[in-house]
Amino acid sequence: EVQLVESGGGLVQPGRSLKLSCAASGFTFSDYAMAWVRQAPKKGLEWVATIIYDGSSTYYRDSVKGRFTISRDNAKSTLYLQMDSLRSEDTATYYCARHGYYGFPYWFAYWGQGTLVTVSS
Amino acid sequence: DIVMTQGALPNPVPSGESASITCQSSKSLLYSDGKTYLNWYLQRPGQSPQLLIYWMSTRASGVSDRFSGSGSGTDFTLKISRVEAEDVGVYYCQQFLEFPYTFGAGTKLELK
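Remember, predicted model here, so these are calculated numbers, not experimental data.

Novice: Any chance you could explain the environment of methionine 56 of chain B here in plain terms?
Specialist: All names here are of chain B. Within the secondary structure layout, methionine 56 lies in the loop between β4 (50-54) and β5 (58-59). Accessibility expressed as a relative area gives 13% for methionine 56, which makes it buried. In the structure, methionine 56 is positioned 29 residues away from alanine 85 in sequence and 24 Å away in space, judged by C-alpha atoms. For methionine 56, the residues in contact, after removing those within four places along its chain, are Thr36, Leu38, Gly69, Ser70, Gly71, Ser72 and Phe76.

Here it is, written out as structure tokens:
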């Protein structure tokens, strides 16, 4: 059974940093692209970043480019999101998601339960 | 960025009836490989989203055959036959033709 378990969320002041983790199990982590998708309170879904199966390529939405860094440790089956220079508009539940289709960043086949990040003074 | 626009449902939907959710993209999602790069998700209240349909019309593993996806390059429909209580939630369409991947604003389904 595929499991994605996020951690690291919490309350943080504007301008500060936070690092999210996602522990994956139930599949060969190194075979799949992974992503972070967020959802602001009472709002819709917003893709944040994707990393290819071997970490060789990463993609970001413009609003987080230069501030967020997605990375992975295939030996530990863990995905990360380093978030720097946080803003109030980054407040959201952050979901870890596994892309579908071996090797390609296609649909979001599996989702974690999410971790809430609140940026506020 | 590709803009995804979803239509509303005439809520609430009577149990056992059919419901169709529309989605429109600002750019054709039909790729040169003949596939249409459009997905559908359901987010039940208090839960994480789950994949329903990918490549516009392929049901994800374990998804009921009451769900079906159709459309053209820019206009898409998710049909839910014989609506049940477990279908309540917010439905999202999403394009994966190009980054940034974008979602529609969501369509809420309520049951009568």
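Novice: Help me out: how do you make sense of the sheet that holds strand β3 (residues 18-25) of chain A in this one?
Specialist: Each strand in a sheet pairs with its neighbour through backbone hydrogen bonds, running either in the same direction (parallel) or in the opposite one (antiparallel). Residue and element names in this part refer to chain A. The 4 strands lie next to each other as β1-β3-β8-β7, forming an open sheet whose pairing is antiparallel. The strands lining the two open edges of the sheet, one partner per strand, are β1 (3-7) and β7 (68-73). When the angles between neighbouring strand axes are averaged without regard to direction, this sheet yields 15°.

Novice: Can you help me understand the interface of chain A and chain B in this one?
Specialist: Buried accessible area, meaning the area lost when the parts come together, often serves as the stated size of an interface. Tallying the contact residues gives 20 residues for chain A and 17 residues for chain B. Summed over both partners, the interface of chain A with chain B comes to about 1,600 Å²; 71% of that surface belongs to carbon and sulfur atoms. The largest contributions to the chain A side of the interface with chain B come from Leu45, Trp47 and Trp107 of chain A, which together make up 39% of the buried area. Our enumeration of links across chain A and chain B arrives at 0 salt bridges. At the junction of chain A and chain B, the tally comes to 6 residue pairs in polar contact (both at pLDDT 80 or more). Only β4 (34-39), β5 (45-51), β9 (92-99) and β10 (108-111) of chain A provide two or more residues apiece to the side of chain A that touches chain B.

Novice: What am I meant to see in the side chain of glutamine 39 of chain A here?
Specialist: Mapped onto the secondary structure, glutamine 39 of chain A falls in strand β4. For glutamine 39 of chain A, the side chain forms a polar contact with the side chain of glutamine 43 of chain B, separated by 2.9 Å. A distance of 3.4 Å separates a polar atom in the side chain of glutamine 39 of chain A from a polar atom in the side chain of tyrosine 92 of chain B. With sequence-adjacent residues up to four places away left out, glutamine 39 of chain A is seen in contact with Gly44, Leu45, Ala92, Thr93 and Tyr95 of chain A together with Gln43 and Tyr92 of chain B.

Novice: I keep staring at the state of the cysteines and nothing clicks. Help me out?
Specialist: Note on terminology: a disulfide is the covalent bond linking the sulfur atoms of two cysteines. Residues and elements named next belong to chain A. If you walk through the whole model with that rule in mind, you get 2 disulfides over all chains. At a sulfur-sulfur separation of 2.1 Å, the disulfide partner of cysteine 22 is cysteine 96. What sets the handedness of the cysteine 22 and cysteine 96 disulfide is the S-S torsion sign, and at about -70° it is left-handed. Residue cysteine 22 is located in strand β3, and its partner cysteine 96 is located in strand β9; the two are separated by 74 residues in the primary sequence. On the basis of relative accessibility, which here comes to 0%, the residue cysteine 96 falls in the buried class.

Criteria and cut-off values
- Residues numbered from 1 in each chain as written.
- Chains lettered and ligands numbered in written order.
- Predicted model: local features only at pLDDT ≥ 70, side-chain atom pairs only at ≥ 80, totals over all residues.
- Heavy atoms only, no water.
- Helix = DSSP H or I, 4+ residues; strand = E, 2+ residues; numbered from the N terminus.
- Buried < 20%, exposed > 50% of the residue type's maximum accessible area, 1.4 Å probe, protein only.
- Contact = heavy atoms within 4.5 Å.
- Pairing = 2+ DSSP bridges.
- Axes fitted to C-alpha atoms, helices over the stretch in contact; angles between N-to-C directions.
- Buried area = accessible area lost by both parts, 1.4 Å probe.
- Salt bridge = Lys/Arg side-chain N within 4 Å of Asp/Glu carboxyl O.
- Polar contact = N/O pair within 3.5 Å; in protein donor to acceptor, adjacent residues only side chain to side chain.
- Disulfide = S-S within 2.5 Å.

That's the geometry; what it means functionally is another story.
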